[in-house]
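Descriptive analysis of the structure
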Amino acid sequence: MTVHDFPEITNLQEISALSYWRFVRLRRCLLSGAYPAAVTVSGRPKPMSSKAQVLGQVYHLAMERLQHLKRIGSLTVVNMQSGFFEVVAQEEEKARSGSTSRHLGELSNWPEIGHIYDSIMDLTRRAEGPAASRENIDIYTEETLYSQDKVLFGQIDAFFVYENGIDLVDYKSGRIVDEYGIKAEYVDQLYFYAQLIFEKFGRYPRSLSLKGKDNETLEVRPDPERSLRLTQEMRALLSTYNR
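Computed from a predicted model, the values in this text were never measured in an experiment.

Time to look at the nonpolar core. Judged by nonpolar contacts, the single largest core of 32 residues is most densely connected at Val58, Met80, Phe84, Ile120 and Phe160. Secondary-structure elements contributing two or more residues to this core are α2 (51-71), α3 (77-97), α4 (111-128), β4 (153-162) and β5 (165-171). Here the element with the most residues in this core is α2; it accounts for nine residues. Here Val58 is in contact with Phe84, Val87, Val88, Glu91, Leu107, Ile113 and Ile116, once residues within four sequence places are set aside. The next biggest cluster of nonpolar side chains, apart from the first, holds 31 residues, and it includes Ile156, Phe159, Leu168 and Tyr241.

As structure tokens, this is what we get:
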């Protein structure tokens, strides 16, 4: 890094709404009032497309395909498998022909594509399974919810609204446990999403689940009080930052 590559703080704008991961980064920040999103670097070349960007696009398009199949009454494992591989093929062709992404190689060889596939198939089986056929079920994927006061928000991977309860699921592309056990930040993220769902639907989820690499699944005990305390802490930090 040369002296010209050091970040330059151009402005520190007020944050109007706080997401969970922005809250995590802000809480970690060592400089009071200096927030990473307000730091820019000038004079840098346009970055090449990252693997994370391509994976995010595959996930987003696959979720869109799932919702489309559900809307037209054609959501089955077979149809979703076909739709998923079409999405991967389309994005692979874009990456192969793009000047900023051809360095990434073949998408079909990435293990992360398999992890996304497992997540999408899990959602599909939940949506077409016995419980879904017995009850009215609304499936929300990549749904952005705001708190009632509009200062907190999050994009939730998936939740299922049944007549007798709500099931919340968050998907991770990597491991959800480390040497100390389940990753605490992932647990808090679930509790945050659960509170947003409560503020939107008036019902706290009956189940909270994490699904990670290789279909690793962990259930987290619902805890409305912990969800409320977390969002209170987030609002307090946002207020401190904006002061």
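The N-to-C vectors of helix α6 (residues 184-201) and helix α7 (residues 224-242) enclose an angle of 95 degrees; their axes lie 8 Å apart at closest approach. The orientation of α6 with respect to α7, classified from their angle, is roughly perpendicular. Counted together, Val187, Asp188, Tyr191, Phe192, Ala194, Gln195 and Glu199 of α6 and Pro224, Arg226, Ser227, Leu228, Leu230, Thr231, Met234 and Arg235 of α7 form the full contact between these two elements. For the contact of α6 with α7, a count of residues per class yields eight nonpolar, three polar and four charged.

Two elements in contact, helix α1 (residues 20-28) and α6, have axes whose closest approach is 10 Å; the angle formed by their N-to-C orientations is 130 degrees. Here α1 is positioned oblique relative to α6, judged by the angle of their axes. Handedness of the crossing formed by α1 with α6: right-handed. Contacts from Tyr20, Trp21, Val24 and Arg28 in α1 reach Glu185, Tyr186, Asp188, Gln189 and Phe192 in α6. Looking at the contact of α1 with α6, its residues break down into five nonpolar, one polar and three charged.

Once that is clear, we can look at the packing of aromatic side chains. Applying the stated criterion to the full structure yields 12 aromatic pairs. Geometrically, the ring pair formed by Phe84 and Tyr117 is edge-to-face, given 5.4 Å between the ring centres and 65 degrees between the ring planes. You can see Phe84 sitting in helix α3 and its partner Tyr117 sitting in helix α4, a full 33 residues away along the chain. Each member of the pair, Phe84 as well as Tyr117, carries the same accessibility label: buried. Lying over the aromatic face of Tyr186, Lys172 brings its terminal NZ or CZ to 4.5 Å of the ring centre.

So, how was this worked out
Residues numbered from 1 in each chain as written. Predicted model: local features only at pLDDT ≥ 70, side-chain atom pairs only at ≥ 80, totals over all residues. Heavy atoms only, no water. Core = buried A, V, L, I, M, F, W, Y, C linked by side-chain atoms within 4.5 Å. Buried < 20%, exposed > 50% of the residue type's maximum accessible area, 1.4 Å probe, protein only. Helix = DSSP H or I, 4+ residues; strand = E, 2+ residues; numbered from the N terminus. Contact = heavy atoms within 4.5 Å. Axes fitted to C-alpha atoms, helices over the stretch in contact; angles between N-to-C directions. Parallel < 35°, antiparallel > 145°, perpendicular 65-115°, else oblique. Nonpolar A, V, L, I, M, F, W, Y, C, P; charged D, E, K, R; others polar. Left-handed = near helix turned anticlockwise from the far one by under 90°. Phe/Tyr/Trp six-rings, centres within 6.5 Å; stacked < 30°, edge-to-face > 60°. Lys NZ or Arg CZ within 6 Å of the ring centre and 35° of its normal.

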